[in-house]
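The primary structure of each chain is shown beneath.
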Amino acid sequence: MSKGTNDLVDILVAKLKRRQLVGSSAVAQATLKLLIVVISKNNWSKANDLLNLVRSVGQRLIEANPTELAIGNIVRRVLHVIREEFRDAEASSKSDDHSEFQTVPLTTSSSMYNLLSETGSDDKEYTHASHNLRSDIIQEVRDIRIELDTIYENIKNQATNHIHSNEIIMTIGRSRTVEEFLKMASSKRKFHVLVAETAPSYLGQQMALELSKAGIEATVIPDSAVFAVMSRVNKVILGTHAVLANGGLVAISGTHMMAAAAKHHSIPVVVCTGLYKLSPLYPHDEDSFNVVMNPDAVLGFEEGDLMEKVTVTNPYYDYVSPEFVNLFITNQGGHPPSYLYRLIVENYDPNDHTFDPLA
Amino acid sequence: MPPKEKVESTEQVLQAVILADSFDERFQPITLETARCLLPLCNVPLISYTFEFLAVAGVQEVFVFCCSHSDKVKAFVKKYEKSSNMKINTIVSQELMSVGDAMRELDAKQLIDTDFILVTGDVVSNMKLDQVLEEHRARRQADKSAIMTMVLKKASPQHRSRSVGDGSLFVLDQGSKECLHYQPVKAFKSTREDRRMTMNMEIFDKHPEIQLRNDLIDCQVDICSVEVPALFTENFDYQDIRADFVHGILTSDLLGKTIHFHEVSDVYAARVRSTQMYDAVSKDIISRWTFPMVPDSNLQVGDCYEYRRGLVYKEKSVVLSRTCVVEEKVVIGANTQIDEMAVLSNCVIGKNCVIGANVKIDNAYIWDNVVIKDNCVVQHSIIANDAVLEQGVTINKGCLISFKVTVGANTTVPAYSRLTALAEGEDDDSDAELISDPAVVGATGRGRSFTEAEGSDDEDEVEDPKNKQVSMLAFDMSELMLSAKEQEDSASDFESEASDLEEDLISPEEELDREVAATLDRAFQDGHDVDIAVLELNTLRMATFSNFKEMRKRVIPGVLKHIDPVAKPGSGKTAKEILNRWGSLVGKMIHDEEDQLDGAYILQRACATLYQDVAQAQRVFAPALRYFYDEDILEEDAILEWYHSEKSQQGTDIEKKLREVAAPMIQHLEQSDSEESDDEDDEEDEDSE
């Protein structure tokens, strides 16, 4: 890797480590920006070189903050794009050189057709030297960037399909996606939003403030009142930090409680999320991908005598299992949790779930 | 990339100075072999936390001053610099003896050209300094004499992260954020000067409102202007940044400089000043108060800790046996192996350690490459790199086991031992042969007990040894008191240090409470004469400079306490019997009419507080009042005045009920009174309504 890009990677790693850069969206943008530089500024001739390069950068970024799943997702998207480009290039060169009748290899390993064929030898295909590929790949990666930029647009345009007049909507925490979604709906419809205050970060209070600024009728309720008022709610709309392969959510703490209350009252739970938050990783236990924060917000550090006697854990996220979610609204439309596997296969290559160097 | 643009857009390079040397010997013998700032704290060298703290603050250039073991510090810094985006310069000077020397060196070399951050190499903090820096710069713009901003953190007096024995008293003006006076506070004030503080009276003239604060952790993070090093050069006798410099600047009229403070509350900041603080800060890190500087953030390149429930941090390569128990708050470094049935709790274990079967480790800090064989017990101690504990060793609390020490099989190391494997009388070059002490490390052990060189502390001539003790690892305050008590028993001199000590620790009132109770108990138990008890109480009164009122307040309840309201006559515990025996003791505390009135109030209150049940209280109160009247301890006038006063009619229900109990007696008194003088009759009648 060239010195310049290495420095850039170092800077981003340091920022991620020090938690100066947090939040799925910010992290995804920064990762993609860095990868564009890595692809364009480094020498590579074979596909495997490029894949390994991107993988090694991705590995470092993920280790810097393993709980920001968006980093891995973006790296996997880029790897997927690279593989596709090489496949296309190969296919076109083959079809140019040889017979017109040779079948073009299916672009993804996602089809039923490929499922039955062997996949292990996949990597070796990409070792051919390539021409003009660099600009093609960069163009494709730029497309991902455009997709990231237009995510809020695409999601909020579906708002009027889901929110109807005089509904009572409940949400928790502060999610930009949900915020835009609700604001968009409010331009056409009149509805009421209940926001759980989301202790100890109290992001829900900020959310309610933002919504009321946009002219939406918003009420802050304490987290403890979520169950009590749930029966009056028509729909729960949630933001999330990440969506896991099984359709489970890693979302701000309190979400699980809200989703469970909604299930009890048979209230539909809708999750608004960009596709970049969809991770092919699977939660092996409820603590994976969680962040335990400083207990200061729960029990002040000043309370010295008490502090020694109690252990305070302040988890930032909740794991919400997929059976609590009724619908995902992504930038590609609405999907039930059972459809997520399909999105994962379409967007990521199964060889990229871990970033160990390729053979 | 945005970060780069950001760097260039700031007009000045932010500089910081780290004083990597501590200039004291609290970690000896471990610091004989390595620098203080390189000691691992949760398996990461201490100075890494400081670097990280500065990097987050946006510091671009760091100067590290080091003195002892400078080669090791230099090597570490060189390695660290590669992975960080700061420029780190090491300045080595063997002559540095104090903070003051370092600052003078800094001034001489003219390395600093702008405001800088001054920290010690043992600061652990997750605070962001931008706000402090902004405040400091704004103040500097307005007033050139504001030369320094200290960052202080609020914490309760008994907080574990407060360094015991390094207290400090700040006099602050909250309005102007100015520090007006500074006074270091020792844990044990053995001399008179230690207990007093002299403050310039002018402070009160200039500042309408001031605060005297002892609830601040001073983590010695200072924003200094360029004048600070120069001032150290001018005042060549300044050694310590706080006790000398801050105190000196604030008390000097000539300089006209001011020092400000910034109080932080929701962030973490502490200094690893002593082994006690090492323990406290380690626990804070494990409990995630320092977030994001926690083990699973993997500050060190190559680390790979994972967080698990119960605040357990484990490297991926750790081998845990099937039956070992990892309780809560444990950090385990890479390639460490834990054998069957071992129990770990509240501890940090370094890289490449081997922990044998049935080992119990609690509260201990075990560094790299340590071997602990089967059946060992380690409590609240630090065990440095490459140490070996053979089978069945017990390490009691507060021990420091230095590098490469071997403790032989089945040895018990007493509490607060310090063991070293360095030969006596040399520092680094091991020409001299190490003479192992089998009494300490066992027959097959390697090492000797470390004793601090005498007279090494020639600067603070009369340092109280206790002040050193309290900052030690696992030091228990209660033990110190115990030994003080022992001293008192053996010492005939009343003004002994021990009694002095007790005065410091408890307020005079509590002390008097305790003493009076003890005297009375003794008198009751041993059946002293009343006269002797009175003599003892009077001596006590004079010794504690208290008056009879204070004594009454304690003696009356003290006597009443011994009455058993349900005892049968003849048991020696009824009100009558106790009062007959001891009542005159109360009499000796009552002299004039005012005393009598006061006595009556105390009697009422005492009965009400001693007995929860009204009937019981009445059964004590009535005979007591009767007795005091009969014995002329409380005279008629006093009782009447008490009965009619407003004070006796207020108070708790029981107190009111007690007053009613006295009503027949009052009636009787008034009747006999009216017989004597008819002309007062009308007046009395009015009163009694």
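For every chain, the first residue of the written sequence is number 1, and numbering continues from 1 along that sequence. A letter from A marks each chain and a number from 1 marks each ligand, given out in the order of writing. With the structure being a predicted model, the display of local features is reserved for residues of pLDDT at least 70 and the display and counting of side-chain atom pairs for 80 or more, all residues being used for whole-chain, interface and lining totals. Excluding hydrogens and water, the side-chain values take into account all heavy atoms of the structure.

### Concerning the overall build of chain B
Thought 1: Looking only at helices and strands, one finds 25 helices and 35 strands in chain B.
Thought 2: Three labels apply to residues, based on accessible area from a 1.4 Å probe with only protein chains included: buried if under 20% of the type maximum, exposed if over 50%, partly exposed otherwise in between. Across the 689 residues of chain B, 53% fall into the buried class.
Thought 3: Two residues form a contact once any of their heavy atoms are found within 4.5 Å. By sequence separation, contacts in chain B at least 24 residues apart represent 58% of the contacts at least 6 residues apart.
Thought 4: For the area figures, the Shrake-Rupley method with a 1.4 Å probe applies, and any residue is considered shielded solely by the protein chains shown. Accessible surface computed for chain B: about 31800 Å², of which carbon and sulfur atoms make up 48%. Only runs of H or I of at least four residues qualify as helices and only runs of E of at least two qualify as strands under DSSP, and these elements are numbered from the N terminus.

### Digging into the overall build of chain A
Thought 1: In terms of helices and strands, chain A carries 14 helices and 12 strands.
Thought 2: Relative to its full complement of 359 residues, chain A shows a buried share of 53%.
Thought 3: A fraction of 79% describes how many contacts in chain A between residues 6 or more apart in sequence connect residues 24 or more apart.
Thought 4: For chain A, the accessible surface area stands at approximately 16000 Å², while carbon and sulfur atoms represent 52% of it.

### Looking at the pattern of salt bridges
Thought 1: The salt bridge definition used is simple: a Lys or Arg side-chain nitrogen within 4 Å of an Asp or Glu carboxyl oxygen. Tallied over the full model, the rule gives 36 salt bridges over all chains.
Thought 2: The residue Glu180 of chain A makes a salt bridge to Lys156 of chain A at a minimum N-O spacing of 3.3 Å. Of this pair, Glu180 of chain A sits in helix H9 (residues 176–188) while Lys156 of chain A sits in helix H7 (residues 151–156), and the two are 24 residues apart along the sequence. Each member of the pair, Glu180 of chain A as well as Lys156 of chain A, is classed as buried.
Thought 3: Its salt-bridge partner being Glu202 of chain B, residue Lys206 of chain B comes within 3.8 Å of it at the nearest N-O pair. In this pair, Lys206 of chain B and Glu202 of chain B are both assigned in helix H7 (residues 202–206), 4 residues apart and thus about one turn of the helix distant.
Thought 4: Given the relative accessible area of 39%, Glu202 of chain B is considered partly exposed.
Thought 5: Within the structure, one salt-bridge network assembled from shared partners comprises Arg55, Arg83, Arg87, Asp349 and Asp352 of chain A.

### Observations concerning the interface of chain A and chain B
How big an interface is tends to be expressed through the accessible area that disappears when the partners come together.
Thought 1: Residue-level contacts link 27 residues of chain A with 35 residues of chain B.
Thought 2: Taking both sides of the interface into account, the surface hidden between chain A and chain B amounts to around 3000 Å²; carbon and sulfur atoms contribute 57%.
Thought 3: Counting every contact that joins chain A to chain B gives 2 salt bridges.
Thought 4: As a salt-bridge pair, Glu52 of chain B and Arg18 of chain A come within 2.6 Å of each other at their nearest N and O atoms.
Thought 5: As used in this structure description, the phrase polar contact means that two N or O atoms lie within 3.5 Å; if the pair is within protein, one of them must be able to donate a hydrogen and the other to accept it, and residues adjacent in sequence are counted only when both atoms belong to side chains. The interface formed by chain A and chain B holds 6 residue pairs in polar contact (both at pLDDT 80 or more) in total.
Thought 6: Broken down by secondary-structure element, the contributors of at least two residues to the side of chain A that touches chain B are helix H1 (3–17), strand S8 (292–293) and helix H13 (304–307) of chain A.
Thought 7: Of the residues forming the side of chain A that touches chain B, the biggest block, 5 residues, is contributed by H1 of chain A.
Thought 8: Residue composition of the side of chain A that touches chain B, grouped by class: 10 nonpolar, 6 polar and 11 charged. By buried area we mean the combined loss of accessible area, with a 1.4 Å probe, across both parts when two parts are placed together. Residue type decides the class: Asp, Glu, Lys and Arg count as charged, Ala, Val, Leu, Ile, Met, Phe, Trp, Tyr, Cys and Pro as nonpolar, and the leftover types, Gly among them, as polar.

### A look at the sheet that holds strand S24 (residues 360–362) of chain B
Thought 1: Should DSSP find at least two bridges between two strands, the strands are regarded as paired. If you trace the 6 strands from one edge of the open sheet to the other, you get S18-S21-S24-S27-S30-S33 (chain B), paired in parallel fashion. The open sheet is flanked by strand S18 (325–326) and strand S33 (412–413) of chain B, the only strands paired with a single partner.

### Concerning empty space enclosed by the protein
Thought 1: Using only the protein atoms, space was sampled on a 1 Å grid; points where a 1.4 Å probe fits but cannot get out form cavities, open sets with protein on both sides within 12 Å along at least five of seven lines form pockets, and lining residues are those with an atom within 4 Å of a point. Grid points are joined across faces, edges and corners, and a volume is the space filled by probe spheres set on the points. Overall, the coordinates contain 9 cavities of 30 Å³ or more when judged by the stated rule.
Thought 2: Looking at the largest cavity, its volume works out to about 70 Å³.
Thought 3: What lines the largest cavity is simply Pro295, Leu299, Met307, Val310, Thr311 and Val312 of chain A together with Arg160, Ser287, Trp289, Leu311 and Lys329 of chain B.

### Topic: the sheet that holds strand S4 (residues 235–238) of chain A
Adjacent strands of a sheet form backbone hydrogen bonds with each other and so pair up, either parallel or antiparallel.
Residues and elements named next belong to chain A.
Thought 1: In space, the 7 strands of this open sheet follow the order S3-S2-S1-S4-S7-S11-S12, with mixed pairing throughout. In the strand order of this sheet, the two ends are held by strand S3 (217–221) and strand S12 (333–335), each with one partner. Here the strands of the sheet are splayed against their neighbours by 25° on average, with no regard to which way each runs.
Thought 2: Sheet strands touched by helix H10 (residues 203–213): strand S1 (168–172), strand S2 (192–196) and S3. Its angle to S2, the strand with the most contacts, is close to 160°. Lines fitted to the C-alpha atoms define the axes, with helices restricted to the stretch that makes contact. Angles between their N-to-C directions range from 0 to 180 degrees.

### Re the confidence of the model for chain B
Residue and element names in this part refer to chain B.
Thought 1: In predicted models, pLDDT denotes the confidence assigned by the predictor to each residue on a 0 to 100 scale. Per-chain confidence: chain B averages 79 in pLDDT, with 85% of residues scoring 70 or above.
Thought 2: In the predicted structure, residues 679–689 sits below a pLDDT of 50 and forms 7 contacts with residues beyond four places in sequence or in another chain.
Thought 3: For this predicted complex, the interface score ipTM comes out at 0.84, alongside a pTM of 0.73.

### Focus on unusual backbone geometry
Thought 1: Of note, the bond from Ala199 of chain A into Pro200 of chain A is cis; its omega dihedral lies within 30 degrees of zero at -5°.
Thought 2: As for its position among the elements, Pro200 of chain A is in the loop between S2 and H10.
Thought 3: The omega angle of the peptide bond from Gln28 of chain B to Pro29 of chain B is 10°, so this bond is cis rather than trans.
Thought 4: Examined against the element boundaries, Pro29 of chain B turns out to sit in the loop between strand S1 (15–19) and strand S2 (40–41).
Thought 5: The backbone of Asn43 of chain B shows a phi angle near 65°, a positive value even though the residue is not glycine.
Thought 6: Phi at Asn346 of chain B takes a positive value of approximately 50°, unusual for a residue other than glycine.

### A closer look at helix H2 (residues 46–56) of chain B
Thought 1: With 10 of 11 residues buried, H2 of chain B is to be regarded as a mostly interior element.
Thought 2: Taken as a whole, H2 of chain B has its buried residues at Leu46, Ile47, Ser48, Tyr49, Thr50, Phe51, Glu52, Phe53, Leu54 and Ala55 of chain B.

### Points about the pairing of strand S10 (residues 317–320) of chain A
Residues and elements named next belong to chain A.
Thought 1: In S10, alternate side chains face the same way, and those of Tyr317 and Tyr319 on one face and Asp318 and Val320 on the other are all buried.
Thought 2: For strand S6 (residues 249–252) and S10, the ladder comprises 4 bridges, and the chain directions are antiparallel. Opposite Val250, over in S10, you have Tyr319 as the bridge partner.

### Regarding the domain arrangement of chain B
Thought 1: Segment limits for the domains were obtained from an automatic or database-derived domain assignment. Each assigned domain of chain B is listed here: domain 1 (13–271), domain 2 (302–449) and domain 3 (503–688).
Thought 2: The C-alpha centroid of domain 3 of chain B is placed 62 Å from the C-alpha centroid of domain 2 of chain B.

### Concerning the nonpolar core
Thought 1: Of all hydrophobic cores here, the largest spans 73 residues; its most connected members are Phe51, Ile117, Met127, Leu129 and Val221 of chain B.
Thought 2: In terms of residues, this core owes the most to one element, H2 of chain B, which gives 7 residues.
Thought 3: Lining this core are residues from two domains, each supplying at least three of them: domain 1 (13–271) and domain 2 (302–449) of chain B.
Thought 4: Once you skip the residues sitting within four places of it in the chain, Val221 of chain B turns out to touch Phe53, Ile117, Leu118, Val119, Val123, Met127, Leu129, Thr149, Met150 and Val151 of chain B.
Thought 5: Of all hydrophobic cores here, the second largest spans 63 residues; its members include Leu53, Val54, Val81 and Phe191 of chain A. To qualify as a nonpolar core, a set must consist of buried Ala, Val, Leu, Ile, Met, Phe, Trp, Tyr and Cys residues joined through side-chain atoms within 4.5 Å.

### Thoughts on the confidence of the model for chain A
The predicted coordinates ought not to be read in detail in places where the model reports low pLDDT.
Residue and element names in this part refer to chain A.
Thought 1: This prediction gives chain A a mean pLDDT of 86; 88% of its residues lie at or above 70.
Thought 2: Low confidence marks residues 99–110, where pLDDT is under 50. Its contacts with residues over four positions away, or in another chain, come to 21 contacts.
Thought 3: Every residue in residues 117–124 is under pLDDT 50, and counting partners more than four places away or in other chains gives 7 contacts.

### Let's talk about the packing of aromatic side chains
Thought 1: Two rings from Phe, Tyr or Trp (for Trp, the six-membered ring) form a pair when their centres sit within 6.5 Å of each other. Planes less than 30 degrees apart are called stacked, planes more than 60 degrees apart edge-to-face, and all others tilted. A complete count under the given rule lists 15 aromatic pairs over all chains for this structure.
Thought 2: Over the ring of Tyr307 of chain B we find Arg288 of chain B, and its NZ or CZ is 4.9 Å from the ring centre. Charge-over-ring contacts are defined here by two conditions on Lys NZ or Arg CZ: a distance within 6 Å of the ring centre and an angle within 35 degrees of the ring normal.

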